[in-house]
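Listed here are the chains, written in short residue letters.
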Amino acid sequence: LAVVYGAVSQGNGGLRVDSSPGRGSIFQVFLPVTTADAQPAVEKTPQPVITDKGRILLIEDDPDVRLGCEQALRLEGIATRAVGSAEAALDIVDTGFAGIVVSDIHLQGQDGMALMRNLLARDASLPVILITGHGDVSLAVQAMKDGAYDFIEKPFSPERLHDVVCRAMEQRRL
């Protein structure tokens, strides 16, 4: 869906979603009308949002969610590296890591909360955004107390992810 959204948005189109329990979901794609003599649109290449000060490390064990988040961020020009486990993330994040982390809470092996505590012990200023499909108020409160930059419940829109990531990147640059 993130890929479709990006392609439709770049073509000045729109999406409408009608979703009802027990009925399913209907997705409508709206594209502008062109004439036969219309010039092809110049493909715009997203400009990277990230400077030399950072990048995004995404940790998500569900391959479909990982791909969707990674594509949504890349469509916005944000350099993203995605891995499927906390252990793989720990191999990447060293003391010189200048980016931000977006991690699912429920991971195989070490969970996202433990990963966040481990990463913050290495770098207390590292913005860590936690995402989960099993959130409740107490979990969100605990995550924020433990140092999470933000907490996002699934499902979330690509715009929501982009907004939180951009705010975290800005904080990291300060």
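Placed above this text is the structure.
From a predicted model like this one, the values you see are computed outputs, not experimental measurements. (Residues numbered from 1 in each chain as written. Predicted model: local features only at pLDDT ≥ 70, side-chain atom pairs only at ≥ 80, totals over all residues. Heavy atoms only, no water.)

Enquirer: Quick one: what's the story with helix H4 (residues 112-122), residue by residue and with numbers?
Expert: For H4, the full list of buried residues reads Gly112, Met113, Leu115, Met116, Leu119 and Leu120. Down the axis of H4, the smallest arc covering the buried residues is 155 degrees, so these residues share one side. In the core, the buried residues of H4 are packed alongside strand S3 (56-59), helix H3 (86-92), strand S5 (100-104), strand S6 (128-132) and helix H5 (137-145). For H4, the N-terminal cap is aspartate 111; the gap from its side-chain oxygen to the backbone nitrogen of methionine 113 is 3.2 Å. (Buried < 20%, exposed > 50% of the residue type's maximum accessible area, 1.4 Å probe, protein only. Helix = DSSP H or I, 4+ residues; strand = E, 2+ residues; numbered from the N terminus. Arc of directions from axis to C-beta. Contact = heavy atoms within 4.5 Å. Polar contact = N/O pair within 3.5 Å; in protein donor to acceptor, adjacent residues only side chain to side chain.)

Enquirer: Hey, could you go over the pattern of salt bridges for me, with residue numbers and the actual values?
Expert: Scanning the entire structure with this criterion turns up eight salt bridges. Close ionic contact of lysine 154 with glutamate 60 constitutes a salt bridge, the shortest N to O distance being 3.0 Å. In this pair, lysine 154 sits in the loop between strand S7 (150-153) and helix H6 (158-173) while glutamate 60 sits in the loop between S3 and helix H2 (63-75), placing the two residues 94 residues apart along the sequence. By relative accessible area, glutamate 60 is classed as buried at 1%. (Salt bridge = Lys/Arg side-chain N within 4 Å of Asp/Glu carboxyl O.)

Enquirer: Account for the side chain of arginine 172, with residues named and values stated.
Expert: Topologically, arginine 172 is positioned in helix H6. Within the local environment of arginine 172, its side chain forms a polar contact with the side chain of aspartate 123, the two groups lying 2.8 Å apart. Excluding residues within four positions of it along the chain, arginine 172 makes contact with Phe97, Ala98, Gly99, Ile100, Asp123, Ser125, Leu126 and Pro127.

Enquirer: Any details on H6? Residues and values, ideally.
Expert: An ideal rise of 1.5 Å per residue puts 22 Å on 16 residues; H6 measures up with 22 Å between its terminal C-alpha atoms. Considered for burial, the residues of H6 that qualify are Leu161, Val164, Val165, Ala168, Met169 and Arg172. Along H6, the residues classed as buried sweep out an arc of 140 degrees about the axis, all on the same side. On its buried face, H6 sits against S3, H2, S5, S6 and S7. (Expected span 1.5 Å × (residues − 1).)

Enquirer: Can you tell me about the environment of serine 157, naming the residues and giving the values?
Expert: Structurally, the position occupied by serine 157 is in the loop between S7 and H6. For serine 157, a relative accessible area of 31% translates into the label partly exposed. Distance in space between the C-alpha atoms of serine 157 and cysteine 69 is 9.5 Å, their sequence separation being 88 residues. A polar contact of 3.0 Å, which involves the side chain of serine 157, links it to the backbone nitrogen of arginine 160.

Enquirer: I'd like to hear about the pairing of S6, residue by residue, with values.
Expert: Across the five residues of S6, five count as buried, placing the element largely inside the fold. Side chains of S6 alternate between two faces, with Val128, Leu130 and Thr132 and Ile129 and Ile131 buried alike. Relative to S6, S5 runs parallel, the two being bridged by four bridges. Residue pairing in the sheet places valine 102 in a bridge with isoleucine 129 of S6. Following the backbone out of S5, through H4 and into the adjacent parallel S6, one traces a crossover that is right-handed. In the sheet, S6 pairs with S7 via four bridges, with the strands oriented parallel. For isoleucine 131, the partnering residue across the bridge sits in S7 and is isoleucine 152. Handedness of the crossover joining S6 and S7 through H5 is recorded here as right-handed. (Pairing = 2+ DSSP bridges. Right-handed = clockwise from strand over helix to strand, strands pointing away.)

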